[in-house]
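# An overview of the molecular structure
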Amino acid sequence: MSAAIDLSLLPASARIDAAGRVSVAGVDLVSVAAEFGTPCYVYDEGELRSRCREYREAFPGGVAYASKAFLCTAMARLVAEEGLDLDVATGGELFVAVRAGFPAERIVFHGNNKSATELVAALGAGVGRIVVDSPAEIDRIEARSEEH
């Protein structure tokens, strides 16, 4: 017999019916698995938006979503719509943010090993903040910022 599912680990909309089937936001996960296979990631948009609003209210000075948690163009758009900034740590994450149309001035480029190519991309995109990790990185940014 399998262990019971701890619903506190799932979105607030998660339910277990009498047959033991789990649903999220009214969507039966067995049906999702049958249609899309496993593993399959399921997100509750209402839950995500609610959490974004809670964080924004708790931190009125601004809060950034850490894209390393999960990022795709739809998630970047959702974060933008909910008024959060977006923390990116790689050129790939920056690419997804830009591709999604995320406002560049609300992007925070953070990472301890930013390449010259990534810095040029960030400057070219108009990224609002670059978190500097070393004096050498200041020099690299300064050398490239004149181009932008």
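Placed above this text is the structure.
Summary of the structure given here. (Residues numbered from 1 in each chain as written. Predicted model: local features only at pLDDT ≥ 70, side-chain atom pairs only at ≥ 80, totals over all residues. Heavy atoms only, no water.)

For the rest of this paragraph, the subject is the overall build of the chain. Assigned secondary structure in the chain consists of six helices and seven strands. Ordered by position from the N terminus, the helices and strands of the chain form the series β-β-β-α-α-β-α-β-α-β-α-β-α. Rg of the C-alpha trace for the chain: 19 Å, well past the compact-globule value of 15 Å for 148 residues, more than 25% over. Taken over the C-alpha atoms alone, the chain extends approximately 65 × 35 × 25 Å along its principal axes. Within the chain, the fraction of its 148 residues that count as buried is 29%. For the chain, long-range pairs separated by at least 24 residues make up 30% of all intrachain contacts whose partners lie at least 6 apart in sequence. Surface exposure of the chain reaches about 9300 Å², of which carbon and sulfur atoms provide 55%. Across the chain, the mean location of the 14 positive side-chain charges is 2 Å away from that of the 22 negative side-chain charges. (Helix = DSSP H or I, 4+ residues; strand = E, 2+ residues; numbered from the N terminus. Rg over C-alpha atoms; globule rule 2.2 N^0.38 Å. Buried < 20%, exposed > 50% of the residue type's maximum accessible area, 1.4 Å probe, protein only. Contact = heavy atoms within 4.5 Å. Areas by Shrake-Rupley, 256 points an atom, 1.4 Å probe, with all protein chains shown as cover. Lys, Arg positive; Asp, Glu negative; His and termini not counted. Charge placed at Lys NZ, Arg CZ, Asp CG, Glu CD.)

With that settled, the discussion passes to the sheet that holds strand β2 (residues 22-24). The antiparallel open sheet is built from three strands, whose spatial order is β1-β2-β3. The outermost strands of the open sheet, each flanked by one partner alone, are β1 (15-16) and β3 (27-28). As paired strands, β2 and β3 are joined by two bridges and run antiparallel to one another. Each residue of the ladder has a partner; that of V24, found in β3, is V27. (Pairing = 2+ DSSP bridges.)

By size, the foremost hydrophobic cluster in this structure holds 22 residues, and its most contacted members are L86, V88, F102 and I107. Counting only elements with at least two residues in this core, the list comes to α3 (73-81), β5 (85-88), α4 (91-99), β6 (107-109) and α5 (116-125). If near-sequence neighbours (up to four positions away) are discounted, L86 is found in contact with A64, Y65, S67, L71, A76, A97, F102, R106, I107 and V108. (Core = buried A, V, L, I, M, F, W, Y, C linked by side-chain atoms within 4.5 Å.)

Glancing now at α3. For α3, the complete set of buried residues consists of M75, A76, L78, V79 and A80. Among the structural elements, α2 (45-58), β4 (64-66) and β5 are those in contact with the buried residues of α3. Directly beyond the C-terminal end of α3, a positive phi value near 85° is found at G83.

Further remarks concern a nonpolar patch on the surface. A contiguous nonpolar patch, built from I5, L7, L9, L10 and I16 and spanning about 430 Å² of accessible area, is present on the exposed surface. Position of I16 relative to the elements: it lies in strand β1. Look at I16 and you get partly exposed, because its relative accessible area is 38%. (Patch = residues over 30% accessible without salt bridge, like charges linked within 9 Å, V, L, I, M, F, W, Y side chains within 5 Å. Salt bridge = Lys/Arg side-chain N within 4 Å of Asp/Glu carboxyl O.)

What follows covers the packing of α5 against helix α6 (residues 135-145). Two elements in contact, α5 and α6, have axes whose closest approach is 10 Å; the angle formed by their N-to-C orientations is 50°. The angle between α5 and α6 falls in the class oblique. For the crossing formed where α5 meets α6, the hand is right-handed. On α6, the residues that touch A116, L119, V120 and L123 of α5 are R140, I141, R144 and S145. Among the residues making up the contact of α5 with α6, the classes are represented as five nonpolar, one polar and two charged. (Axes fitted to C-alpha atoms, helices over the stretch in contact; angles between N-to-C directions. Parallel < 35°, antiparallel > 145°, perpendicular 65-115°, else oblique. Left-handed = near helix turned anticlockwise from the far one by under 90°. Nonpolar A, V, L, I, M, F, W, Y, C, P; charged D, E, K, R; others polar.)

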